[in-house]
Amino acid sequence: MPDASTPPDAPVLFFDSGVGGLSILAPAKTLIPNIPVVYAADSAGFPYGTKSDAEIAARVPALLGRLVERYRPRIAVIACNTAATIALTHVRAALDIPVVGTVPAIKPAAIASKTRVIGVLGTEATVRQPYVDRLTAEHGADCTVLRHGSAALVAYAEARLRGEPADPAIPADALAGLLDQPGGERMDMVVLACTHFPLVRDELAAAAPRPLTFLDGGEGIARRIAYLNGDAPWPDAPPEGIAVFTRIDSWVEALTPALAGFGLTRVKAL
Ligand code: DGL
C-alpha cells in the first residue's frame, strides 16, 4: 500500500489496449492535478475486444508484471473493461501493489434508471463475461439489461484521437445495436462499458434518436485512486507523463498530439 514513505514521483500506472484508458486518466488528473502518470497501451495486442478470454487472461497479467517491474508504480489501474472483467483476479494475485479495475457501471445505471431498461455498450469480449452476469444479478435484477459489443466503435475512437474525420454512422450503428433489441425503445441509461467510448460520448449523444444518459466509471476510479493512496505524497507540480506502447509505429506517432493533451509528453516502447 502507498504510505507516507512512498516517493512523491512514484507513478500511478494506467493500462489499456489502446487510448481508451485516457477516459480514466482524465478524471484522475482533474481530482489529483499533480499525479505522476505512466500510461501503458498494449498496441501490439490491440484490439482486445475481439480476442479470446484465454488470450487476454494470459497476456494482461504478464504485461502488467513487466510494467510494474520497470516503473515501480504506487497503484496500477486496469483502465480497460475487457482486461478487468477477464483478468482482474489474476493481476491482483500477481502484483503486490493495489490494483484498481474498470468494470461496467451497471450499479449506478440501475439506481438511476426510471424505465428499468439499461443498455451495456462494450466490446464483444466484455459483454459475454460472467462478471457482467454477476453485476447484472447483483444490481440490476429488476431491470432489463441489454448488451451490445462494438469493435467498430473502438476502432472509431482510436481514429478520432488520431485526428481522423467524424463518421456519425459509426456511433449511430453502435447505439442501434441496443435500441433495436426488444425493450430498446424504453432504454434510458447506456453504460459505456469500454473505456474507449467516453472519448466519443458527445458523438454518441448526438447520434441518439432521443435523449439517453451515458454513464462510465471514470470519476469513481479517480476517487478510488485518491482513497488507496492514503497519505502518500504527490509531487509539488504536475510531472511530465510517460506513454508506453508495446509497439511503436505510425499509428502511435499519429496519436502524439492527443497524448500531449493529456500531459503524456514522453513516448516510449516497452
Ligand atoms: N478499452 C478497452 C475496454 O475498455 C478495450 C478496447 C479493445 O481493445 O477492444 O474494453
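Residues numbered from 1 in each chain as written. Predicted model: local features only at pLDDT ≥ 70, side-chain atom pairs only at ≥ 80, totals over all residues. Heavy atoms only, no water.

**A few points about the layout of surface pockets**
Each pocket or cavity is described by its volume, and for the largest pocket that value is around 700 Å³. Val 103, Gly 217, Gly 218, Gly 220 and Ile 221 are the residues nearest the centre of the largest pocket, which is lined by 36 residues in total. At the level of secondary structure, the elements contributing two or more residues to the lining of the largest pocket comprise α1 (22-31), α3 (81-94), β4 (99-101), α4 (106-112), α6 (130-139), β8 (213-215) and α10 (218-229). Of the residues forming the lining of the largest pocket, the biggest block, seven residues, is contributed by α10. (1 Å grid on protein atoms, 1.4 Å probe; cavity = no way out; pocket = protein on both sides within 12 Å on 5 of 7 lines; lining within 4 Å. Points joined across faces, edges and corners; volume = space filled by probe spheres on them. Helix = DSSP H or I, 4+ residues; strand = E, 2+ residues; numbered from the N terminus.)

**Some words on the packing of α1 against α10**
Interaxial distance between α1 and α10 falls to 8 Å at its minimum, and their mutual angle equals 50°. Looking at the two axes, α1 sits oblique to α10. Every pair of crossing elements has a handedness; the one defined by α1 and α10 is right-handed. Across the interface between the two elements, Ser 23, Ile 24, Pro 27, Ala 28 and Leu 31 from α1 touch Gly 218, Glu 219, Ile 221, Ala 222, Arg 223, Ile 225 and Ala 226 from α10. Across the contact of α1 with α10, the residue classes tally to eight nonpolar, two polar and two charged. (Axes fitted to C-alpha atoms, helices over the stretch in contact; angles between N-to-C directions. Parallel < 35°, antiparallel > 145°, perpendicular 65-115°, else oblique. Left-handed = near helix turned anticlockwise from the far one by under 90°. Contact = heavy atoms within 4.5 Å. Nonpolar A, V, L, I, M, F, W, Y, C, P; charged D, E, K, R; others polar.)

Functional significance is not addressed by these values, which are geometric in nature.
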